[in-house]
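Examination of the molecular architecture
These are the residues of each chain, in order.
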Amino acid sequence: MSQRQVLQVFEQYQRARTHFVQAVAELSARPQNIGTLRDAGVMSLLRPLLLDVVPTIQQTAALALGRLANYNDDLAEAVVKGDILPQLVCSLSEQNRFYKKAAAFVLRAVGKHSPQLAQAVVECGALEALAVCLEDFDPGVKEAAAWALGYIAQHNAELSQAVVDAGAVPLLVLCIQEPEIALKRIAASTLSDISKHSPELAQTVVDAGAIAFLAQMILNPDAKLKRQVLSALSQIAKHSVDLAELVVEAEIFPVVLTCLKDSDEYVKKNGATLIREIAKHSPELSQFIVNAGGVAAVIDCIGSCKGTVRLPGIMMLGYVAAHSENLSMAVIVSKGIPPLCACLIEEHEDHIKAAAAWALGQIGRHTPEHARAVAVTNVLSTLLSMYMDIRSSEDLQLKASIFKVYAAKRALKNILQKCTDLPALEALLHDAPPNIMKHIVGQFSKVLPHDSKARRLFVITGGLKKVQEIKAEPGSLLQEYINTINNCFPEEIVRYYSPGYSEMLLERVENYQPVL
Amino acid sequence: MVAVASGGRGEYGRARPAGGEAVAAAGGVFPQEQVSMLVIYSIQDRQSHRKKTRRVNLLELLCNFLMRSFCLCFLAHFCTCFLLVLPNLTQDFDRSVDEDRKIAYKAAVKIQSWFRGCRVRAYLRYLNKMAISIQKWWRGYQSRRYFRKMIKIQKRWRGYYVRKYTHNYYALKKYLEAISLNNEIVRNELQEYTEMTEKEKKKKDLEKKEKEKKYKARKMHYLLSTEQIAGIYNSPFRKSPDPMELLLRQSKPLSHRRQQVRSPFTYELYDWPTCKRPPAFATGQPLPPIGKQKPQGPFRDTAEVLWQRYKPLEPTLRVAASINSPLEKAREEMKREEWRNCIHDNEFLPFSSYHKNEKYDLSIHASEKTGQETYGIKHFREVQPNKWIAGKDFQTVLPSIVLFEKFGKTYSKAGQIV
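Reference entry: report on the structure contained in this document. What you see is a predicted model; the values in this text were computed from it and never measured. The numbering scheme is per chain: residues are counted from 1 as the chain's sequence reads. Labels are handed out in written order, letters beginning with A for the chains and numbers beginning with 1 for the ligands. Local features in a predicted model are, by the rule used here, given only for residues with pLDDT of at least 70; side-chain atom pairs are given and counted only at 80 or more, and totals for whole chains, interfaces and linings are based on all residues. Just so you know, side-chain values use all the structure's heavy atoms and leave hydrogens and water out.

**Remarks on the packing of helix H30 (residues 422-429) of chain A against helix H31 (residues 434-447) of chain A**
Residues and elements named next belong to chain A. At a closest axis distance of 10 Å, the pairing of H30 and H31 adopts a crossing angle of 145°. The hand of the H30/H31 crossing is left-handed. The segment H30 lies against H31, with Leu422, Leu425, Glu426, Leu428 and Leu429 engaging Met437, Ile440, Val441, Gln443, Phe444 and Val447. Class assignment of the residues belonging to the contact of H30 with H31 gives a composition of nine nonpolar, one polar and one charged. Interaxial angles span 0 to 180 degrees and are taken between N-to-C directions of axes, which are lines fitted to C-alpha atoms, for helices over the stretch in contact. Starting at the N terminus, helices and strands are each numbered in turn, a helix being any DSSP run of H or I of at least four residues and a strand any DSSP run of E of at least two. It is the rotation of the near helix from the far one that decides the hand of a crossing: anticlockwise by less than a right angle makes it left-handed, clockwise makes it right-handed. Should any heavy atoms of two residues lie within 4.5 Å, those residues are counted as being in contact. Residues are grouped as follows: nonpolar covers Ala, Val, Leu, Ile, Met, Phe, Trp, Tyr, Cys and Pro; charged covers Asp, Glu, Lys and Arg; every other residue, Gly included, is treated as polar.

Spelled out as structure tokens, the structure:
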């Protein structure tokens, strides 16, 4: 009898513990309860439950801890300070798969908040244990381990190097080949986080043979997987020409162009990012992309999206056009300029406007033909207004606004230095500030001496009048240009349009002695 | 005195550099005009040096000049002093002043002659240099004139080459046209691709809806209308029954014990572009129940077992497609055809005399003995009785082992017990 009573006491205790831990796990899934839980001292209560005899209680306690640590970094720090991590790491190698999943979840939740916490996780020797978990049979365990590794590696290069040193990369590449989609996603995102920091890390990932598998997975219909795969490839390709060439050799073109037509916005964005990272390294790579029809696809993509999703596409066009004038002409021929002008006018974000201005500048700066193609779309006045935007001077504190103004100015300068299209220049003549005026007048002074029809038009449209009204310091470049222009016209008409001519004539009338 | 003068001259001769001239004003020995002319020559010389851009070490010249002037000065002074002092030292009262004067005069003449020689030599050097520079310039002009003729040809060749190959305008134009064409093609293809994906998505959604409807109809089969009572979907006031009613009529009622065998791969592989339909398992139609009573014991569900046993092979794409690409298969096919159609394997040789030395092969009928071949009919094996050891066949001595008879037959095949 007494034995049964004793056992009953133990059973009651076990039931109470189970109930408590399950309730805490459920409550911690809701954010509003977490503050109360923390104040009630849940950490110190959960800690001994991790060492409980009953496996279910252990697992549920670990799950609850993970959810708490996931919520914010104070709790994560409390987990670290409570010396819970070494215990978790030890049991990662021994326990069953549910516990492994829960422990990996806790490690991930702690490691995701800041580099210091991730460093604390690494110092407990978690990386080796997680790498062992990556070889487990259960895909859930693999997924949890890969996720934890990804969150640790995302902070900085040292942590990524630590992850690589634990031998995780070949295992991740094996994980990518598994049939479960969730595992593929997580493995791809971890590889992306590892390779984004430095070229050496990217080279390590490439050496493990990741590129071929990532390239195959571009065809997969799952949108989230495609996002991660494209992001991984672009992080690899962005570091150097060799890596970009390796990525291109995996025959991603023209398959990647289908990603630009996907219904998911972020797939489009990441696809455009990948193409941009490849195009920016060298003219040969840009040439290759142009030959594969990439420019047309990117232009369509820009035209169909709105907002930040457009930004990589715009930058890609800028990079392609910057390499050489033939490529810039190819961009123009593929009808690239209208979408860029539309971007410039429609978008509200400063950095997108700056990027569009920069891209237009790169397109138009090579030869007069290019400058004419840009000027014909009347985008120069938009650029000028962007440059002189009074509003932006108020929030010049924002880096983006400064950058926007600067980009507009550079683009305008580059285009104007080659522009020989007089109607477009005339439109600008009336509003431009002095430093831009110098370039405009300079261009006029180059063109007018040789073209009589242009001179006539110049007079008719009031350009000559405007030029006379410009005040320039004698001896400056502007004054020289003005003199050159004045020398193209007969004296009478120059005097006619010079300011104050009417007063001078009236004075002459006053002083005239009539001939009787 | 003479020895001193010659020794002095020797000394001076060693120290003499090329170019430049020394101006000595030893005791006002030399007249002023000569000194000035010398200065002018030396300056001119130096200037002409500079004009021809030879590296003039002015400092060196100056040093030499100073040294020489100093030497000359010193020498002249020394000589004259010495000569003047000498009579006092020798205490020779027989020497008259006239002889002193003669010696001094000779010394002066010597010095002057030397100096004039230097000047003339300097002048000659200067003339020489002028002549050289004029000749230099003339030769250069001659060769440049020749060079200009060569340039004309090279100019035209370089222009042609650059226009044709490096900056070929027409090639660039064609390239840009080709790019726009290619862009059009790419755009069309991408458009088609998007349309295709949209259609597939729509189809998938539609099919899903259909499936749901059908399942609902099967579940709510009891809402079907009967003769007596019209169901809710078959109102007498309607002209024709509701589509739901029709669906209900068509569907089979859902049985209670439904084995939900859902493969985890159905949705993920469903729209994989290469396999349009989900893998069809053998449990598409559930097998007839073996018996209501489940066999006692820790056995798995029969339907599960059968599903596992009869799971068809799902080869990966790599296995299902042949190793050889279609191109290689076509090539092999061609080779096989050629080999088939060949009448004989002897190649055509160039001269008819090549064949003449060949031995004639007898045909089978002629080479073998007449009659039917016994191999294949009478006997199948080659038998060599002379190699036999004994005349008897093998005998089994030991009994066979029972366990070994079961080899390869241990596991049951469709319920047959071994």
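Continuing now.
**Points about the side chain of Ser231(A)**
Residue and element names in this part refer to chain A. Examined against the element boundaries, Ser231 turns out to sit in helix H16 (residues 223-237). For the exposure calls, accessible area comes from a 1.4 Å probe over protein chains only, and a residue counts as buried if that area is under 20% of its type's maximum, exposed if over 50%, partly exposed in between. With relative accessibility at 16%, the residue Ser231 sits in the buried group. When near neighbours in sequence (up to four residues on either side) are disregarded, Ser231 contacts Ser192 and Asn270.

**Section: the packing of aromatic side chains**
When we look at a pair of aromatic rings, we describe it by the centre distance and by the angle of the planes. For Phe, Tyr and Trp, where Trp contributes only its six-membered ring, two rings pair if their centres lie within 6.5 Å, and the inter-plane angle classes them as stacked under 30 degrees, edge-to-face over 60, or tilted in between. According to the stated counting rule, one finds 13 aromatic pairs over all chains in the structure shown. Centre to centre, the rings of Phe444(A) and Phe458(A) are 4.7 Å apart; their planes meet at 45°, and the pair counts as tilted. Highlighted residues: Phe444(A) in helix H31 and Phe458(A) in helix H32 (residues 452-460), separated in sequence by 14 residues. Neither Phe444(A) nor Phe458(A) differs from the other in exposure class; each is buried. Measuring from ring centre to ring centre gives 6.1 Å for Trp137(B) and Tyr141(B), while their planes differ by 10°; the resulting arrangement is stacked.

**Focus on the interface of chain A and chain B**
Across the boundary between the two partners, chain A contributes 22 residues, which contact 18 residues of chain B. Buried area adds together the accessible area that both of two parts lose upon being put together, with accessible area traced by a 1.4 Å probe. Both sides together, the interface formed by chain A and chain B hides about 1800 Å², and carbon and sulfur atoms give 61% of it. For salt bridges, the criterion is a side-chain nitrogen of Lys or Arg within 4 Å of an Asp or Glu carboxyl oxygen. Between the two partners, chain A and chain B, sit one salt bridge. Asp300(A) serves as the salt-bridge partner of Arg187(B), at 3.1 Å between the closest nitrogen and oxygen. Polar contacts here mean pairs of N or O atoms no more than 3.5 Å apart (in protein, one a potential hydrogen donor and the other a potential acceptor; neighbouring residues in sequence count only if both atoms are side-chain atoms). Linking chain A to chain B there are six residue pairs in polar contact (both at pLDDT 80 or more).

**Some remarks on the side chain of Asn486(A)**
Residue and element names in this part refer to chain A. As for its placement among the helices and strands, Asn486 is situated in helix H34 (residues 477-488). For Asn486, a relative accessible area of 17% puts it in the buried group. One polar contact links Asn486 to Gln468, side chain to side chain, over a distance of 2.7 Å. With near-sequence residues (within four places) excluded, Asn486 lies in contact with Leu464, Gln468 and Val494.

**Examining helix H13 (residues 181-195) of chain A**
How far a helix is expected to stretch is found by multiplying one less than its residue total by 1.5 Å. The terminal C-alpha atoms of H13(A) lie 21 Å apart, and with 15 residues this matches the ideal 21 Å at 1.5 Å per residue to within 8%. For H13(A), the buried fraction is high: 13 of the 15 residues fall into the buried class.

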